[in-house]
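Close look at the chain arrangement
This is what each chain is made of:
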Amino acid sequence: MRKTLDPQREHWDIVYKSKPDYFGETPSEFARRALSFFKGKGAKKIIELGCGEGRDTIMFLKESFEVVAFDYSPVAIAHLTQKAKSNQLSESLTAMIHDARDGLPLTDECVDGIFSHMFFTMQLTEKELDFIFQECLRVMKAGGYNIYSVRNIHDPHYGKGIHRGEDMWESPQKFVVHFFSLEKVKRLARGYEICHISEFDDPSPTYIKKLYEVILRKPEKKKE
Ligand SMILES: C[S@@+](CC[C@H](N)C(=O)[O-])C[C@H]1O[C@@H](n2cnc3c(N)ncnc32)[C@H](O)[C@@H]1O
């Protein structure tokens with residue numbers, strides 16, 4: 001864990017402590033779509049980045065996936081761990097308090113896919129994002145899918161609040177959000193095949209957000 005104080009990490013801890021199940025108790029619609037996609041591709045072991053309190057993680061576990069879940073908020077990971085325990089799902093879960101900017105502490109090509117809902121849209125510079133996307137590529141098997149959602153530049157909060165550099169703004173609720181253009185999605189897909197990009201509305205608190213849903217594929221190895 002990074003030694004320097006990260007105000008956003010502190011903020012997520014406070015949010016999850018003061019309002020458990022902040023994003024609700026049921027899985028997101030986005031995760032349900034990803035679930036059926038992963039199932040169709042025969043994926044069994046996935047990573048979830050920025051899992052929060054695990055509303056989506058629990059769904060993947062209930063559907064017999066093995067999940068390695070990362071979040072840098074100790075409160076989020078404690079809530080997820082507790083939920084997995086009470087649902088008797090702990091055996092298939094590895095939950096880690098971990099800052100993704102430090103890379104993914106996993107061996108090469110060890111998972112079938114990667115899922116994240118509103119994680120890459122956090123306070124991460126494009127340089128940090130590029131590094132994390134390359135880490136995802138490294139730990140995924142060839143033919144694996146990186147399915148993610150990010151807030152986009154059509155979102156009502158884009159360009160509002162305090163500017164925090166690049167395409168990031170801090171809302172009055174103190175969340176710093178990185179808003180993606182289509183060009184940014186494409187730039188960050190370095191080394192992947194882009195399978196799908198679409199826009200959708202997400203109703204999670206406290207207003208309707210505009211997001212991109214993106215599916216990237218790690219190319220198969222070329223035959224010598
Ligand atoms: C918008 S929330 C989404 C949570 C969850 N995916 C959901 O939809 O319920 C983003 C999550 O990313 C985590 N996060 C932000 N920056 C992170 C980083 N650098 N490393 C790991 N987790 C991070 C936050 O703690 C937060 O739980």
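Up top is the structure these notes are about.
The following paragraphs examine the structure supplied in this document. Please read these numbers as outputs of a predicted model, since none were measured by experiment. (Residues numbered from 1 in each chain as written. Predicted model: local features only at pLDDT ≥ 70, side-chain atom pairs only at ≥ 80, totals over all residues. Heavy atoms only, no water.)

**Concerning the site of the ligand**
The environment of the ligand is made up of 19 residues, and the closest members are Tyr16, Gly50, Arg55, Asp71 and His117. Between Asp99 and the ligand, the recorded distance is 2.9 Å, taken from a side-chain N or O atom to a nitrogen atom. Relative to its unbound accessible area of 590 Å², the ligand is 98% covered by the protein chains. Taking a 2 Å distance to the grid points as the criterion, the majority of the atoms of the ligand fall inside the largest pocket. A class-by-class count of the residues in the shell around the ligand yields 10 nonpolar, 5 polar and 4 charged. (Near = heavy atom within 4 Å. Polar contact = N/O pair within 3.5 Å; in protein donor to acceptor, adjacent residues only side chain to side chain. Areas by Shrake-Rupley, 256 points an atom, 1.4 Å probe, with all protein chains shown as cover. 1 Å grid on protein atoms, 1.4 Å probe; cavity = no way out; pocket = protein on both sides within 12 Å on 5 of 7 lines; lining within 4 Å. Sits in = over half its atoms within 2 Å of the grid points. Nonpolar A, V, L, I, M, F, W, Y, C, P; charged D, E, K, R; others polar.)

**A closer look at the packing of aromatic side chains**
As enumerated under the stated definition, the model contains 21 aromatic pairs in all. Measuring from ring centre to ring centre gives 6.2 Å for Tyr22 and Phe175, while their planes differ by 40 degrees; the resulting arrangement is tilted. Highlighted residues: Tyr22 in the loop between helix H1 (7–18) and helix H2 (29–40) and Phe175 in the loop between strand S7 (168–170) and strand S8 (176–178), separated in sequence by 153 residues. Both residues of the pair, Tyr22 and Phe175, belong to the buried class. With a centroid separation of 5.2 Å and 70 degrees between ring planes, the pair formed by Phe133 and Tyr148 is classed as edge-to-face. Linking Phe133 in helix H5 (residues 126–139) with Tyr148 in strand S5 (residues 140–151), this pair joins segments that are 15 residues apart in sequence. Aromatic ring contacts, followed pair by pair, group Phe30, Phe38, Phe60, Phe65, Phe115 and Phe200 into a single cluster. Sitting over the ring of Phe200, Arg33 keeps its end group 4.9 Å from the ring centre. (Phe/Tyr/Trp six-rings, centres within 6.5 Å; stacked < 30°, edge-to-face > 60°. Helix = DSSP H or I, 4+ residues; strand = E, 2+ residues; numbered from the N terminus. Buried < 20%, exposed > 50% of the residue type's maximum accessible area, 1.4 Å probe, protein only. Lys NZ or Arg CZ within 6 Å of the ring centre and 35° of its normal.)

**Some details on the side chain of Asp112**
As for its position among the elements, Asp112 is in strand S4 (residues 111–117). The exposure class assigned to Asp112 is buried, which follows from its relative accessible area of 18%. A polar atom in the side chain of Asp112 sits 3.1 Å from the side chain of Lys141. Every residue in contact with Asp112, bar those within four places of it in the chain, is listed here: Ala43, Lys44, Lys45, Met140, Lys141, Gly144 and Tyr145. (Contact = heavy atoms within 4.5 Å.)

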